[in-house]
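Fold and geometry: a report
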Amino acid sequence: MASAEQSPVTLQHHNLCSRVILLTRKIRSDVASLLESYVERQGLDRTISLDLVDGVPGAAVEQGGELTVAERLGANLQAYRAFQALLGEVLEQQRSHLTPLDTDFHASIQSVLLQVAALAYQLEELLALLGHGRPAWEAAGPEDPGRRSFFEMKLRGLKVLQELAHWTVRSVRDLRQVVKHSQGSGTAHGGQAQKE
Amino acid sequence: MWDNPSLRCLLAIAFLHLLSLIYSQETGFPEAPGNLKCITHDLNRTICSWGATSSANLGLTYKICYTNSEPFSPVCIETEGKRADIPVAMGSTNIQITTLNASGTPLATETFVLPEENVSLIPLTPQILNLSADFSIYTLYLKWNDRGSVFQHELDASWQIQILRKETMETVTLINYDSKLTGKDSILSWNWTSDIPLECTSYCVKIRCYINEPYFTGRKEWSEWSPIRTVPEKDTKPNSAMVFPQDKVVLVGSNVTFCCLYNEGESIKYMKYGSKSYPLFRLSKWSSAIKVQNVSASISSGTNVWCSLVPDGLEGTVLFVGYAPDTPQNLNCETRTFITITCSWNPGRPTALYTQRQTKYILFERISRENVTCKVDELNKKHHCDFPVHANQNIYNFTLGASNPLGQAESSLLIDVNQRVHLETPDKFTVSANSSTNAHLSWYIPGNLIQIRLLCQIEISNSNSERQLNVSMAGAENSNYRARVDALHPYATYTFRVRCSASEHFWRWSKWSEEKKITTLEAPPARGPDIWRERSPVGETLTVFWKPLLPSEANGLILSHEVSCYPQEIMLKAHEVPVPLNSTEIKLGGNDCLIIVVAKNRAGSSPPSRITSVDLPSGNVKTELAIAKGNGIYISWHSDPNVTCGYTLKWCISSGSEPCTVDWEMFPSNATDAVIKSALFQPGVRYNFSLYGCKHNGYQLLQNIMGYMKELPPKVAPNFTVEETSSDSILVKWEDIPVEDCQGFLKGYILYFAKGEKGSSKTSFREEDKTEKNITDLTKKSLRILDLQGKTSYRLDLRAYTVGGIGPSKDLYVVTKENSVGLIIAILIPVAVAIVLGVVTSILCYQKREWIKETFYPDIPNPENSKALQFQKNICEGNTALKTLEMNPCTPNSVEVVETRSTVLKIEDTEIISPVADSELPEDGSDPETGSHVVVSYCPPIIEEEISSPPIDEPVGSSQVIYIDIQSMYQPQVNPEEEPEINFVTTAGYKPQMQLPINAMKMESHSPTEEDLDKTAGYRPQANTNVWKLDSPDSPVSIQSNNENGSFGSPCSINSRQFLIPPKDYEDSPSPNNTGWSFTHFFQNKPND
């Protein structure tokens, strides 16, 4: 009965949000297993401190409930765009410097990379569907990886994957709030439509 | 006064003169030179310096005159300082130094003899020209000028180089470096590799020199240390913490030192190599290190080394541990196209290093002095390199160099490119067949092959054959090559493929091309079919048979067979018989003809096969047996000189209900035997063959033959019956086994027979019981079995056998008839024996009748005739029992006997159980009490009554009034000890009725008294009590009692006192030694004996 009251746009929001959430959860699952294999292949320790590794968008930085839906989705979109670039760097570093023969590992990173790209695209769609503009790509490009030591490359890759995992958690939470918000506004909108 | 200059000058001169005088007087003069020291830097000039007592110069100058030897005049020089430069002279030098005042007046003169030994050779202080560092390999490079031009000739020089830690000025190393001075300036260089990264701490370097002039006899000393030079610093104030070495590659097994540089305010928490923490040691104020020994190969991403800092920080590096490249193995260079030479190799042991660190290969050709860098695909493990083929160069001397950060290796190979041709796989391979026997092939091979000839191998295969055809052809440039294959079979499917190599210098075949399959065109059948004919029994029709041609003979698909009949060179009629029929029927109409058969396919007809229809009459044709041989049937026949055109052996194979298939084989006229094989032959099936001889005017049946491909045991047992039986023989008859069940030629029958009942377990005969009869005469159809027992069941078993074995059996059970004579004998003998026994028994009984009578029917005395039993009437009054006696002869009173028995039994039990009784027994066992246990078991109370009345002193013997004669034979007071000695024979028999002591028989006192027990004995049986004792198995047994009371517990006959009903409990007791009914009594207890 509730779906009958929703407008097609709201339904589309809902469906798209569901797909985004599903994809985010899939990414989270894949990143979790990728982290395991990454740590193993790089000879690292999961408990290693990565606080000093910069240039990776952190999921913990948020303003709580002060953000609007657009800001929330925009922050997600920017983060995943950054992760898209960062994962590309990680993949290239692994191919060229660290694990050149481990094609299965590369395929795992590539898979996550593609999913992150798809997630960014879906977030763009969601923003557009909600009537918000797509935020522009941030100009800050990746640093020259050739200047980094191999150890820095490894730490950076680990940080990227860890933060990506954190971001997926945050994204699911954000998207649920968006769904909640859109349902509230959609129902009101539907009610108005009926009145009209 | 002092303002006058002239005065002052005068005074000064005077003073100096005064001083000089004083000095000259003391040591000479104060201005006199002394303490002459001379050194040389270059063995050319000597620098001498001296001192003077007066330290004031005051315008003094020195005149030095020196001379090396007498003939030379001294050379003088003047100098203002206390130092002079004079040439180095051989031997000693005389030096005279004169101190001159300002006016040139000598103040003092000193002469020195300077031997060479007093001159020191001190090289000039070296100067470091350059000090640089290669941090990646922890190496310092030092350069300096040896100043060899100072010396005129070659000299050995030694250099001492000292490396110190800058912060602590602690010597890290001090090494000597020898060089040779060549007379001209040379730049010397030296490098030093640290075992820890140079970044970890700062170093400074200084150097000094020593010249070893062997002919210089003076002192040779080290030069002064050069000024210190410092390695570029990195550790004093690092911008951020760092771990060194950064991303280094080392050999497996190396010892590696890692240092961690940190900033002010930081300290190191720990340093880890991999996952293991190592102990830190301090290098400088801002640097600490760990040392890892014998590192093992790392994973592809390297081994991490990290430094955890306090309060917060993490720095690290990656160490790649691997191996130097192995020598390339199995280097092989060959050309495929004469455009490039491809070298391939096996890299050997993996280096565990990848990407930038992986092994790089360079292929160098020494003749052309060209090299190419090889691209290695580590992912696919492909190691090969292409080198261009040069025109006019056939010999190539390759060196493959392998290098990685840890080392290098190489492998060489010299080849003649013409001898290393490995052609590409033939491409675009086509095959076309435009005739029935040949095919055209074409293929393409890339490459500039003009300078060689090709050898190509064409493989031709079909379902049953395979062959290779080698074709040589001239090479061409990127060309198609063609070949033709002949001698193919018509209408056959072939598979072709081709490969090529260099013809002149074979190296390797190329890979096979792809396969191509073609079928050649059809050709007429190669020969006519094999034919045979059979005339119908009446002779009106003739059936013509032919065999299908083999595919190799048919040359195509046989469509039909044409059968013609030529009676007299004129064709009667031609039949076109389509495939798959292989026979046809021709009506002869009473005329014979020549049959001609041809096979036809699309390409044409086969040559004709001919056969005449004429059957010549045959005489008495014999039937022979063939022999199985291998998988065939061996048939032989006698040669017939009239057979001119061969023999034909015909047979027919039937399968199931279908009419049999005629088959035949033809043999030349000189053949006399053959082994006929057919896939249709089956073991155990009889085949009939007919041998025909081909004569000039027709075929004649010569012989019939039967045979088996393999003989088997008969399938069934022969049916047999028993025709006749008697008491000792059986006549058995059997029938023939049907031919189809024989499965071989019957060789005979085996008849087994043995005793056996029908219904008993139907197992095989027991070997020891059975009888076997082998019947080899096959015409015999019956057999009589003799010597059997009458009225006995026999089991018969008949089997047939062939060469293949014995067939199944069939059982029959027969009972022979009864033998009447034996029966009669069997009846008569027992009857006769019974009669004889009866007669003998009767005779014996008659002879022993007296004894029998006495034993079994003794005369019993009448009590009425006894005085003892003549009771008075008053005695018996009031007593009903006695009244009975008045009326009747004394009869046993069983009540009285029971009471007596129970009393005695009680006593016995007491005696048996009581140990006291045992102890009281006399050793000889002659206790009269013990012996008196025999209590009279039968006691007529009337006797007691009568006996109790006489006076006590009346002799006992007076009561024994009857049978005195018998009593005298009896010994009533038998000592128990003497009892065993009593002869049973003599004591047995009738016993008199002994007297009974009156006091012992009183009913009030049943216990035994001290009186003689013999007196208590009342009526005695007419038998020996000892015999009873022994013979009665149910007698109570007491050890002390000597078993005299053996009659208790059983009713007994009045007359015999023999137990009438012996208790069951004692029936099984051991049989006595002496039985009362034994035959010994029969014969020994004769009264007359």
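Rules behind the numbers
- Residues numbered from 1 in each chain as written.
- Chains lettered and ligands numbered in written order.
- Predicted model: local features only at pLDDT ≥ 70, side-chain atom pairs only at ≥ 80, totals over all residues.
- Heavy atoms only, no water.
- Helix = DSSP H or I, 4+ residues; strand = E, 2+ residues; numbered from the N terminus.
- Buried < 20%, exposed > 50% of the residue type's maximum accessible area, 1.4 Å probe, protein only.
- Contact = heavy atoms within 4.5 Å.
- Areas by Shrake-Rupley, 256 points an atom, 1.4 Å probe, with all protein chains shown as cover.
- Phe/Tyr/Trp six-rings, centres within 6.5 Å; stacked < 30°, edge-to-face > 60°.
- Polar contact = N/O pair within 3.5 Å; in protein donor to acceptor, adjacent residues only side chain to side chain.
- Pairing = 2+ DSSP bridges.
- Axes fitted to C-alpha atoms, helices over the stretch in contact; angles between N-to-C directions.
- Patch = residues over 30% accessible without salt bridge, like charges linked within 9 Å, V, L, I, M, F, W, Y side chains within 5 Å.
- Salt bridge = Lys/Arg side-chain N within 4 Å of Asp/Glu carboxyl O.
- Disulfide = S-S within 2.5 Å.
- Core = buried A, V, L, I, M, F, W, Y, C linked by side-chain atoms within 4.5 Å.
- UniProt positions renumbered as here; feature names shortened; annotations may be inferred.
- Buried area = accessible area lost by both parts, 1.4 Å probe.

Let's shift gears to the overall build of chain A. Across its full length, chain A holds five helices and zero strands. Traced from its N-terminal end to its C-terminal end, chain A shows the element sequence α-α-α-α-α. Of all 196 residues assigned to chain A, the portion counted as buried reaches 46%. A separation threshold of at least 6 residues defines the contact pool for chain A, and within that pool the share at least 24 residues apart is 87%.

Across its full length, chain B carries 15 helices and 65 strands. Considering only contacts in chain B between residues 6 or more positions apart, those separated by 24 or more positions represent 65%. Of the roughly 58,800 Å² of accessible surface on chain B, 52% is carried by carbon and sulfur atoms.

Residues and elements named next belong to chain B. The full count for this structure, using the stated rule, is 31 aromatic pairs over all chains. With centroids separated by 5.4 Å and ring planes inclined at 80°, the aromatic side chains of W50 and Y62 adopt a geometry described as edge-to-face. One end of the pair, W50, is in strand β2 (residues 45–52); the other, Y62, is in strand β3 (residues 61–67), and 12 residues separate them in sequence. Here the two residues W50 and Y62 agree in accessibility, since each one is buried. Through pairs of rings, three or more aromatic residues link up here, namely W651, F681, Y687 and F689.

With that out of the way, let us pick up the environment of B:I705. Residue and element names in this part refer to chain B. Mapped onto the elements of the fold, I705 is located in strand β57 (residues 698–708). I705 gets classed as buried once you look at its relative accessible area, which sits at 2%. Separated by 69 residues in the primary sequence, I705 and S636 place their C-alpha atoms 9.2 Å from one another. Beyond its immediate chain neighbours, meaning those up to four positions away, I705 contacts E624, L625, A626, I635, L649, Y687, N688, F689 and L691.

Residue and element names in this part refer to chain B. Counting through the fold element by element, N555 comes out in the loop between α2 (551–554) and β43 (560–566). Side-chain polar atoms of N555 contact the side chain of H489, separated by 3.4 Å. The contact partners of N555, leaving out residues within four places of it in the chain, are H489, P490, Y491, E522, A523, P524, P525, A526 and N601.

Before going further, it helps to examine the sheet that holds strand β9 (residues 128–134) of chain B. Hydrogen bonds between backbone atoms are what pair the strands of a sheet, whose relative direction is either parallel or antiparallel. Residues and elements named next belong to chain B. Taken together, the three strands give an open sheet; going across it, the order is β9-β10-β13, and neighbouring strands pair in antiparallel fashion. Either end of the sheet is taken by a strand with one partner, and the two such strands are β9 and β13 (187–193). Taking each pair of neighbouring strands and ignoring which way they run, the sheet shows an average axis angle of 15°.

This part takes up unusual backbone geometry. Residues and elements named next belong to chain B. For the bond from V310 to P311, the omega torsion is 10°, close enough to zero to count as cis. Its location among the elements puts P311 in the loop between β24 (303–310) and β25 (313–322). The omega torsion of the bond from V579 to P580 falls at 15°, within 30 degrees of zero and hence cis. One non-glycine residue, N555, adopts positive backbone phi at about 60°. Look at N555 and you get buried, because its relative accessible area is 7%.

This part takes up a nonpolar patch on the surface. A surface patch of nonpolar side chains, amounting to about 520 Å² of accessible area, comprises B:L823, B:I827, B:V831, B:I835, B:V839 and B:I843. As for its placement among the helices and strands, B:V839 is situated in helix α4 (residues 820–847).

In this section: the state of the cysteines. Residues and elements named next belong to chain B. Counted according to the given criterion, the structure contains 10 disulfides over all chains. A sulfur-sulfur distance of 2.0 Å marks the disulfide that ties C456 to C500. Negative torsions about the S-S bond denote left-handed disulfides, and the value of about 105° found for C456 with C500 makes this one right-handed. Residue C456 is located in strand β36 (residues 453–462), and its partner C500 is located in strand β39 (residues 493–502); the two are separated by 44 residues in the primary sequence. Here C500 falls in the buried class, since its relative accessible area comes to 0%.

For the rest of this paragraph, the subject is the environment of B:L625. All names here are of chain B. Examined against the element boundaries, L625 turns out to sit in strand β50 (residues 623–625). A C-alpha to C-alpha distance of 9.5 Å links L625 and S636, two positions 11 residues apart in sequence. Among all residues touching L625, those that are not within four sequence positions of it are I705, M706 and F745.

If you look at the biggest cluster of nonpolar residues, it comprises 60 residues, and the most contacted ones within it are A:I48, A:Y80, A:F83 and A:L87. Of all the secondary-structure elements, those providing two or more residues to this core are α2 (8–42), α3 (69–98), α4 (103–129) and α5 (150–195) of chain A together with β25 of chain B. When residues of this core are assigned to their parent elements, the largest contribution, 14 residues, is made by α5(A). With 50 residues, the next largest nonpolar core counts B:C38, B:C48, B:I196 and B:L283 among its residues.

Here we come to the UniProt feature "transmembrane region" (unreviewed entry) in chain B. In the UniProt entry, the feature "transmembrane region" (unreviewed entry) is given for residues 821–846 of chain B. Taken end to end, residues 821–846 of chain B has its terminal C-alpha atoms 38 Å apart, with 100% of it in helix and 0% in strand.

Contact residues are listed per partner, giving 22 residues for chain A and 23 residues for chain B. When chain A packs against chain B, the two sides together hide about 1,700 Å² of surface, and 62% of this comes from carbon and sulfur. Put simply, chain A and chain B have zero salt bridges between them. Seen at the junction of chain A and chain B, the total is 12 residue pairs in polar contact (both at pLDDT 80 or more).

Attention now goes to the pairing of strand β48 (residues 609–612) of chain B. Residues and elements named next belong to chain B. Only one face of β48 is buried, namely the one carrying S609 and I611, since none of R610 and T612 on the opposite face is buried. Pairing of strand β46 (residues 594–601) with β48, which is carried by four bridges, proceeds in the antiparallel orientation. Note on β48: the bridge partner recorded for I596 is R610.

Residue and element names in this part refer to chain B. If you walk across this open sheet you meet the four strands as β12-β11-β14-β16, and the pairing is antiparallel. The open sheet is flanked by β12 (171–181) and β16 (229–230), the only strands paired with a single partner. Two elements, strand β11 (residues 155–165) and strand β14 (residues 203–212), share 10 bridges in a ladder whose sense is antiparallel. Looking across to β14, one finds that I161 is bridged to I207.

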